[in-house]
Amino acid sequence: MTFNLINRVRMSVPPISAMIGPSILNSDLSDLAGSSQKLLDQGADYLHLDVMDGHFVPNLTFGHPVVQCLRQKIPRAFFDMHMMVAEPEKWVGDMKKAGADQYTFHIEATQAPLELCRQIKESGMRVGIGIKPGTSVHTVDDLIEEADMVLIMTVEPGFGGQSFMAEMMEKVSYLRTNHPGLDIEVDGGVGPKTIDQCAQAGANMIVSGTAVVKAENPQEVMNSLRKTVHQEIVARYSA
Ligand SMILES: O=C(CO)[C@H](O)[C@H](O)COP(=O)(O)O
Ligand SMILES: [Fe+2]
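Residues numbered from 1 in each chain as written. Chains lettered and ligands numbered in written order. Predicted model: local features only at pLDDT ≥ 70, side-chain atom pairs only at ≥ 80, totals over all residues. Heavy atoms only, no water.

### Observations regarding the coordination of the iron ion (ligand 2)
For a metal with four tetrahedral donors the ideal donor-metal-donor angle is 109.5 degrees, while six octahedral donors give ideal angles of 90 or 180 degrees. Protein coordination at the iron ion (ligand 2): the donors are His48 (NE2), Asp50 (OD), His82 (ND1) and Asp187 (OD), at 2.1 to 2.2 Å from the metal. Around the iron ion (ligand 2) sit 6 donor atoms, and with donor-metal-donor angles ranging over 72 to 176 degrees the site reads as octahedral. Between the donor residues of the iron ion (ligand 2), the gaps in sequence give the motif H-x1-D-x31-H-x104-D. In this pair, aspartate 50 sits in strand β2 (residues 47-52) while aspartate 187 sits in strand β7 (residues 183-187), placing the two residues 137 residues apart along the sequence. Of the two residues, aspartate 50 and aspartate 187, both sit in the buried class. (Donors = N, O, S within 2.8 Å, 3.2 Å for Na, K, Ca; no water. Tetrahedral: all angles 85-135°; square planar, octahedral: opposite > 155°, others 65-115°. Helix = DSSP H or I, 4+ residues; strand = E, 2+ residues; numbered from the N terminus. Buried < 20%, exposed > 50% of the residue type's maximum accessible area, 1.4 Å probe, protein only.)

So, in structure tokens, the structure goes:
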């Protein structure tokens, strides 16, 4: 437990906060900056940027040159890079230079996760570790000290608009029980219908693509997702 966390627990201030990061995967990618700015204006806490390489997942999106252009138009938002790529070691320096704030690699994509965590941290970014649905949560047990965030995938990575896998909530509960101050992100099929399960299990960083981007009122959806997670955090840490 860090000094900061001990103090926050003593003062009854929750060590984590509810944050909503819309995924722009299903937005108008020909106007990435416009779509992103709109989501930020509507209350997004951060932007979840899905990088796919056609190898680690059977789909292609964009890489660091696009992120660099986006950063020029959006100077202040927190960029959460979801790196669905083989050889995630390769892009750490480029993503940092492009303006990324958090670099989430998949545990399945590397032979040397500890070294990669340290490489990311040394570059100055926050460290995220992603776990696919078929991968045990225990693969990150020995890495938690190096991680700022663990991402529990609630769909098979590769495409937006898939159905939420409720059975992944066991992984979230395990992490939350054992690591009260860890940021835990859920990604895939998360929206108004599935947020209760995510919040109750202990997730605090909520990625939502289709449910936000395709909503009639994205602001209302993001506010309601955040409220649900916030209420659960307050209940959990004041108990
Ligand atoms: O990483 C992803 C897919 O691999 C996306 O972030 C995720 O699918 C978000 O979209 P949706 O909320 O529509 O499922
Ligand atoms: Fe994602």
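So that's the structure; there's more coming.
### Some words on the UniProt feature "active site" (unreviewed entry) in the protein
UniProt marks Asp50 and Asp187 with the feature "active site" (unreviewed entry), using the numbering shown here. Spanning 138 residues, the named residues nonetheless gather at one spot, since no C-alpha pair among them exceeds 10.6 Å. As for the annotated residues, the ones lining the second largest pocket are Asp50 and Asp187. Excluding its chain neighbours within four sequence positions, the residues that come into contact with aspartate 50 are Ser23, Leu25, Thr61, Phe62, His82, Met84 and Asp187. Side-chain polar atoms of aspartate 50 contact the side chain of histidine 48, separated by 2.9 Å. (UniProt positions renumbered as here; feature names shortened; annotations may be inferred. 1 Å grid on protein atoms, 1.4 Å probe; cavity = no way out; pocket = protein on both sides within 12 Å on 5 of 7 lines; lining within 4 Å. Contact = heavy atoms within 4.5 Å. Polar contact = N/O pair within 3.5 Å; in protein donor to acceptor, adjacent residues only side chain to side chain.)

### Points about the UniProt feature "binding site: substrate" (unreviewed entry) in the protein
Mapped onto this numbering, the UniProt entry gives "binding site: substrate" (unreviewed entry) at Ser23, His82, Gly158, Phe159, Gly160, Gly161, Gly189, Gly209 and Thr210. The annotated residues named above include Ser23, His82, Gly158, Phe159, Gly160, Gly161, Gly189, Gly209 and Thr210 as those lining the second largest pocket. Among the structural elements, glycine 161 can be located in the loop between β6 (149-153) and α6 (169-178). Apart from residues no more than four positions distant in its own chain, glycine 161 is found in contact with Asn26 and Thr210.

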